[in-house]
Amino acid sequence: MPTVADIRTHGPDDPPLTFLTAYDAPTAAALEEAGIDIILVGDSVGNTMLGYDSTLPVTVDEIASHTGAVVRATDESLVIADMPFMSYGADVDEAIQHCGRMLKEEGAQAIKHESGPHTVELTERLVDNGIPVMAHLGLNPQRVNETGDLTRRATDAEEAAQILELAKQHEAAGAFSLLLEHIPANVAKIIDEELDIPTIGIGAGPHVSGQGLIITDVLGMGDWVPPFAKQYADVQSEMEKGIEGFKREVRNEEYPAEDHYVEESVEGFE
Ligand code: KIV
């Protein structure tokens, strides 16, 4: 499995990197078994697992708890903790404490933040403190109240140029990789070519160093799927099948069958 140092030196001739989210131990174990390069404990846990309408309510304690579960289920995967809204960016010293906790207490190897002008200095300070950083530009779901929606970004030259500039600033500040979310493929290609660090695309086309998706979209477990995602399995219908099967057999008194229980005499309790 790659380390942060391996990812940083990923080159154009290396195979594309694979990146998926996980929020729990069994899923993380399956990703490690499959040899996925990078596991992100995304703040998407908020809408995919915790029943929130957006990622904004996710807390540092929640990300810490899910990060711990993912780390305990993996031996050598590169696990990145995704810093939740308002846990970084306002106060650098407080942010370093929150980010450091993910490595020190939960065992993550790196953190990711949704990046902007306010995270350049923070990235430098984190890296100085031994906390590797993945930057995240393009669509930043934590900005939904400012942008009004979760649609494609960098659709005009000004925004594309801003993203490129921020990408360069985060690379110079020491970020080991850059996640590019939901931007045109031709914009992602230029950003990738301008950087030495690898770019992971989620909805950013093929001209990047690796591809990422949210695990529930891959497995077919979500209500809403972004336009760039691809579903590779239908876990939702398998769950429904299992739950229906249990209910039917209980109602029909087929479960538990003889091999699911014992009857034995318990002295003094006859
Ligand atoms: O929280 C998340 O799942 C993300 C995705 C863009 C990968 O940040």
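Along each chain, residues carry numbers from 1 onward, in the same order as the chain's sequence is written. Totals for whole chains, interfaces and linings use all residues, but because this is a predicted model, local features are given only for residues with pLDDT of at least 70 and pairs of side-chain atoms are given and counted only at 80 or more. With hydrogens and water set aside, each side-chain value is computed from the structure's full complement of heavy atoms.

Novice: So what's going on with the site of the ligand? Which residues, and what values?
Specialist: The rule for a residue being near a molecule or strand is that one of its heavy atoms must lie within 4 Å of it. Residues in close proximity to the ligand include F19, T21, L40, G42, D43, S44, D82, K112, H136, L179, E181 and I214, which together make up its full environment. Contacts to the ligand include D82, whose side-chain N or O atom sits 3.0 Å from an oxygen atom. Throughout this description, a polar contact denotes any pair of N or O atoms lying within 3.5 Å of each other; where both atoms belong to protein, one of them has to be capable of donating a hydrogen while the other can accept it, and for residues adjacent in sequence the pair is counted only when both atoms sit in side chains. Between K112 and the ligand, the recorded distance is 3.1 Å, taken from a side-chain N or O atom to an oxygen atom. Protein contact buries 97% of the 260 Å² of open area that the ligand shows by itself. Per the convention used, a helix needs a DSSP run of H or I reaching at least four residues, while a strand needs a run of E reaching at least two, with both numbered from the N terminus. Counting residues per element, the ones that place at least two in the shell around the ligand are β1 (17-21) and β6 (177-181). For the shell around the ligand, the per-class residue count stands at 4 nonpolar, 4 polar and 4 charged. The method behind every accessible area is Shrake-Rupley, applied with a 1.4 Å probe, and residues are considered shielded solely by the protein chains displayed. Residues are sorted three ways: Asp, Glu, Lys and Arg are charged, Ala, Val, Leu, Ile, Met, Phe, Trp, Tyr, Cys and Pro are nonpolar, and all the rest, Gly among them, are polar.

Novice: Give me the lowdown on the sheet that holds strand β4 (residues 110-114), citing residues and values where you can.
Specialist: Strand order in the closed barrel made by the 8 strands is β1-β2-β3-β4-β5-β6-β7-β8, with parallel pairing throughout. When strand polarity is set aside, the average angle formed by the axes of neighbouring strands in this sheet is 25°. In this description, strands pair whenever DSSP reports at least two bridges between them. Looking at chain direction, strand β2 (residues 38-41) and strand β3 (residues 78-82) are connected through 4 bridges and run parallel. In the strand pairing of β3, I38 is matched with L78. Contact definition: two residues touch when any of their heavy atoms are within 4.5 Å. Only C-alpha atoms enter the line fits that serve as axes; for helices the fit covers just the stretch in contact. Angles between N-to-C directions range over 0 to 180 degrees. Running at roughly 175° to strand β5 (residues 133-138), helix α8 (residues 157-173) makes contact with β4, β5 and β6 of the sheet.

The analysis is restricted to geometry; functional conclusions fall outside its scope.
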